[in-house]
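Structure assessment
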Amino acid sequence: MEIALARTEEQSNLVGEGITADRGRWSFDGISRVFDDHVRRSVPLYNEGHDLTCRLSDYFVASNSLVYDLGTATGSLARKLADWHQGKAGTQVIGIDPVQSMVEQAEKVHGFREDLRFICSDALTYEFEKANLFTSYYTVQFVHPNVRQQLIDRIYERLHWGGAFILFEKVRAPDARFQDYMSQVYTDFKLANGYDEKEVVGKTRSLKGVLEPFSTNGNIEMLQRAGFKDIMTVQKWVCFEGFLAIK
Ligand SMILES: C[S@@+](CC[C@H](N)C(=O)[O-])C[C@H]1O[C@@H](n2cnc3c(N)ncnc32)[C@H](O)[C@@H]1O
C-alpha cells in the first residue's frame, strides 16, 4: 500500500539527504515534531506494543506505585500508562529522556498532570527511586553496548521485589540466513509504509553504530546477568521483540 506523504522540513531532514550523507550520525534532537509519525511507520506493532504494556502493567501497578518510562521521547507510552492507571491514588509515571526537545514536546502535548511527569536526563546516570515498573520501548538498543549491562543492573536494583521491567528491542537473528530474511522482510515493511529506497538506505546508514541490537538470547542473558530469573517474550514481529522480566 502506498501512502502519500506531505513532508515537512523536519521530516526531510529525518529521512532524506541529511541522513543519507551522514553515516552513524543519527540523532533524536530536532525531530520531536515528526517523531510520532516516523516511529509508527518504522516500528511494526508500535501501538499494539503500547497497549500490551498497559495490560501487563496491571500486574505490577497498584495505588502509590512508581513507573519509569525510559527513553520516553514524546511521551506517548508514559501518557497511555498514566491514563490506564488513572484513579490509583498516588501512582505516578515518570518519562525520562536525555533529549531536551523531546521532553519539551512531551510536556507540550500531554500538559501538566500530578500523575505524569517528564524529566530530561540520561537513564544511565539518573538517580531512580525504588519503582514498581520500568518500561523501555525501543530505547536500550541506543545505549552503547559497553555500558548497556550497567543500565540493566541499575533497573534491577531499583525495582521493588515483585516489580517488572518491560523491554522492547529490535533484535538480531540467531544466524546469518535468518538475519538476511528478517532484514529483507523489514525493508518490505518500511517500503510499504511510504519510505522510498533512498530513505531506507539513508536511515540504515545513519544508524550505523548508533542502534546496536542484541539477539533474543543476548537480551535474555543480559537480563539474567542483572538478576532477573523470570523472563518471557510477550510480543514478536520478525526482528522486533518485547520481553517481560520480573524481579
Ligand atoms: C525509539 S525512541 C523511543 C520511543 C518511545 N519509547 C515510544 O514509545 O515512542 C528512543 C528514545 O530513547 C532515548 N534515549 C537514548 N539514549 C537514552 C538514555 N541513555 N537514557 C534515556 N533515554 C535515551 C532517545 O532520546 C529517544 O527519544
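As annotated in an unreviewed UniProt entry, the protein is Methyltransferase domain-containing protein from Rubellimicrobium rubrum.

Below, the discussion takes up the overall build of the protein. In terms of regular secondary structure, the protein is built from ten helices and seven strands. Taken over the C-alpha trace, the protein has a radius of gyration of 18 Å; the compact-globule value for 247 residues is 18 Å, and the two agree within 12%. Projecting the C-alpha coordinates of the protein onto the three principal axes gives extents of approximately 50 × 40 × 30 Å. The buried share of the protein, taken over its 247 residues, is 34%. For the protein, contacts bridging at least 24 residues in sequence account for 75% of all contacts bridging at least 6.

Here we come to the confidence of the model for the protein. Chain-level pLDDT for the protein is 91 on average; 91% of the residues reach the 70-or-more range. Note on residues 1–13: pLDDT under 50 across the span, and 14 contacts to partners over four residues away in sequence or across chains. Low pLDDT, under 50, characterises residues 15–21; the predicted model gives this stretch 14 contacts beyond four residues in sequence or across chains. We note a pTM of 0.92 for the whole complex and an ipTM of 0.99 for its interfaces.

What follows deals with the environment of S121. The topology assignment puts S121 in the loop between β3 (116–120) and β4 (131–137). Residue contacts for S121: discarding those within four places in its chain leaves I96, P98 and Y126.

Let us now look at the site of the ligand. The full set close to the ligand counts 21 residues, and F28, G71, A73, A123 and Y137 are the nearest of them. Broken down by secondary-structure element, the contributors of at least two residues to the shell around the ligand are α5 (76–84) and β2 (92–97). The residue makeup of the shell around the ligand, split by class, is 15 nonpolar, four polar and two charged.

Taking the numbering used here, the UniProt-annotated feature "binding site: S-adenosyl-L-methionine" (unreviewed entry) corresponds to Y46. Mapped onto the secondary structure, Y46 falls in helix α4 (residues 46–57). If sequence neighbours within four positions are ignored, Y46 has contacts with V39 and R40.

Parameters and conventions
- Residues numbered from 1 in each chain as written.
- Predicted model: local features only at pLDDT ≥ 70, side-chain atom pairs only at ≥ 80, totals over all residues.
- Helix = DSSP H or I, 4+ residues; strand = E, 2+ residues; numbered from the N terminus.
- Rg over C-alpha atoms; globule rule 2.2 N^0.38 Å.
- Buried ≥ 20, exposed ≤ 12 C-beta atoms within 10 Å, placed from the backbone.
- Contact = placed C-beta atoms within 7 Å.
- pLDDT = per-residue confidence, 0-100.
- Near = placed C-beta within 6 Å.
- Nonpolar A, V, L, I, M, F, W, Y, C, P; charged D, E, K, R; others polar.
- UniProt positions renumbered as here; feature names shortened; annotations may be inferred.

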